[in-house]
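Each chain is listed here by its residues.
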Amino acid sequence: MEIAYLRDHLVLAPALAQAHVDAFGALLPDWTVEQALDELKTHDRRRAIPTTLIAVEEDDWLGSVSLLQNDHDDIRQYSPWLASLYVKPEARCRGAGRALVTRCVQEAAALGIERLYLYCTDAVDYYRGLGWRVQDQLQLGPLFVTVMAIDLLPYRPQAENQDIPRD
C-alpha cells in the first residue's frame, strides 16, 4: 500500500467522489457527485491546503483523506481540518485508515500548522487511539458531532530538514 496524492491519480477521482457522497451526504443532502468531483479536482497541489491523499494498492484506491481549510460552514471557528477519512469496506482493518491519518497529520505539520481538527460521530475512540483529543461537541445539521484536535509540534520535521519552512 502506498499513500499518494490524488492529483497524481485523477483517474480515481470519480469513484472517490461517489464514495464521498455515499458516505458523507447526510450532512449535505443536496450535495451531488458532480459537486464532489469538482471539489476534488481543486485539490491539485502537493503539500498544500486543500489536498487529498489516497491509499493505493495495485492501481486501485483503498481509502482517502483530505486536508482542508474549512470542513463545514457552521464550524469555521476551528481550522484547518483533517476531513473525509474514508476506507472502502473491503479494505478496512488493514491499516489504511491509520496510514492516511498519519500522513495527513505529517503533511499539516510540514506546512507549519500547529493544531489540526476533525469531526466525527462515532469514531472518537479510534481517533483517541491515534493521539487526538476531544475539543468540542455540537449539533451539525442533523448530526451530533465530536470535534477533535491534535497538536502538531511533535510531528514537525527536525530543524536540520531545511526544505520545510520554520516559524
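Our structure's up above, just so we're on the same page.
Starting afresh in each chain, residues are numbered from 1 along the sequence in its written order. Only residues with pLDDT of at least 70 are given local features in this predicted model, and only at 80 or more are side-chain atom pairs given and counted; all residues enter the totals for whole chains, interfaces and linings. The side-chain numbers reported here are obtained from all heavy atoms of the structure, hydrogens and water having been left aside.

K.L.:
Whenever I open this one, the overall build of the chain confuses me. Can you help?
P.N.:
Strands here are runs of E lasting at least two residues and helices are runs of H or I lasting at least four, both read from the DSSP assignment and numbered beginning at the N terminus. When helices and strands are tallied, the chain shows 4 helices and 7 strands. N-terminal to C-terminal, the α/β element order of the chain is β-α-α-β-β-β-α-β-α-β-β. The globule rule used here is 2.2 Å times the number of residues to the 0.38 power, and the radius of gyration it is set against is calculated over C-alpha atoms. The globule rule puts the C-alpha radius of gyration for 167 residues at 15 Å, and the 15 Å found for the chain is close to it. Classification of the 167 residues of the chain by burial places 47% in the buried group. Here the analysis covers contacts within the chain between residues at least 6 apart in sequence; of these, 59% occur between residues at least 24 apart. The method behind every accessible area is Shrake-Rupley, applied with a 1.4 Å probe, and residues are considered shielded solely by the protein chains displayed. Total accessible area computed for the chain in this model is approximately 8,900 Å², and 48% of it derives from carbon and sulfur atoms. Asp and Glu count as negative and Lys and Arg as positive, but His and the ends of the chain are not part of the count. A charge is said to be at NZ when it belongs to Lys, at CZ for Arg, at CG for Asp and at CD for Glu. Across the chain, 16 positive and 25 negative side-chain charges occur, with their mean positions spaced 5 Å apart. Exposure is judged per residue with a 1.4 Å probe applied to protein chains only, and the accessible area is read against the type maximum: over 50% gives exposed, under 20% gives buried, and values in between give partly exposed. Contacts are assigned to residue pairs that have any heavy atoms within 4.5 Å of one another.

K.L.:
Looking at this model, I keep getting lost on the packing of aromatic side chains. Mind explaining?
P.N.:
Aromatic ring pairs are defined here through the distance separating the ring centres and the angle between the ring planes. Put simply, two rings from Phe, Tyr or Trp (the six-membered ring, in Trp's case) pair if the centres are within 6.5 Å, and we call them stacked under 30 degrees between planes, edge-to-face over 60, tilted for the rest. Within this structure, the stated rule accounts for 7 aromatic pairs. Ring geometry for Tyr126 against Tyr127: centres 5.2 Å apart, planes inclined by 75°, an arrangement best described as edge-to-face. We classify Tyr127 as buried; its relative accessible area is 7%. Each ring, one from Tyr127 and one from Trp132, has its centre 6.2 Å from the other, and the planes form 70°; the classification is edge-to-face. This pair shows no difference in class: Tyr127 is buried, exactly as Trp132 is. In textbook terms, an aromatic cluster arises when at least three aromatic residues are bridged by ring pairs, as seen for Tyr78, Trp81, Tyr117 and Tyr119. Above the plane of the ring of Trp61 lies Lys88, whose end atom (NZ or CZ) is 4.6 Å from the centre. For a Lys NZ or an Arg CZ to count as sitting over a ring, it must be within 6 Å of the ring centre and within 35 degrees of the ring normal. Positioned above the aromatic ring of Tyr5, the side-chain terminus of Arg103 is 5.3 Å from the ring centre.

K.L.:
Please clarify how helix H2 (residues 33-41) should be interpreted in this entry.
P.N.:
Count 3.6 residues to each turn of an α-helix, and residues three or four apart come out pointing the same way. Here H2 has its buried residues at Ala36, Leu37 and Leu40. The arc enclosing the buried residues of H2, seen along the axis, measures out at 100°, which places them on a common side. Buried-residue contacts for H2 involve helix H1 (13-24) and strand S2 (51-57). Comment: arc refers to directions from the helix axis out to C-beta atoms.

K.L.:
Before we go on, may I ask you to explain the pairing of strand S7 (residues 143-151) in this structure?
P.N.:
Across a regular strand the side chains alternate sides, sitting on one face of the sheet and then on the other. Strand pairing requires that DSSP identify at least two bridges connecting the strands. Pairing analysis gives 6 bridges linking strand S5 (residues 115-120) to S7, with the strands arranged antiparallel. Bridge pairing links Tyr119 to Val147 in S7. Pairing of strand S6 (residues 133-140) with S7 involves 7 bridges; the strand directions are antiparallel. Each bridged residue has a counterpart across the sheet, and for Leu140 the counterpart in S7 is Leu143. Hairpin remark: S6 followed by S7, antiparallel, with 2 residues in the connecting loop; positive phi at Gly141, about 60°.

K.L.:
Looking at this model, I keep getting lost on the nonpolar core. Mind explaining?
P.N.:
Soluble globular proteins tend to pack their nonpolar side chains together in the buried interior. One finds Leu82, Leu100, Val101, Leu116, Tyr127, Trp132 and Leu152 to be the most contacted residues of the largest nonpolar core, which totals 29 residues. The set of elements that each furnish at least two residues to this core consists of strand S1 (2-5), S2, strand S3 (60-68), strand S4 (81-87), helix H3 (96-110), S5, helix H4 (124-128) and S7. Here this core gets 7 residues from one element, more than from any other, and that element is H3. In contact with Val101, not counting residues within four places along its chain, are Leu82, Leu85, Tyr127, Leu130 and Trp132. Note on terminology: a nonpolar core comprises buried Ala, Val, Leu, Ile, Met, Phe, Trp, Tyr and Cys residues joined through side-chain atoms within 4.5 Å. Core analysis: the next-biggest nonpolar cluster, separate from the first, contains 16 residues, Leu6, Trp31, Leu40 and Tyr86 among them.

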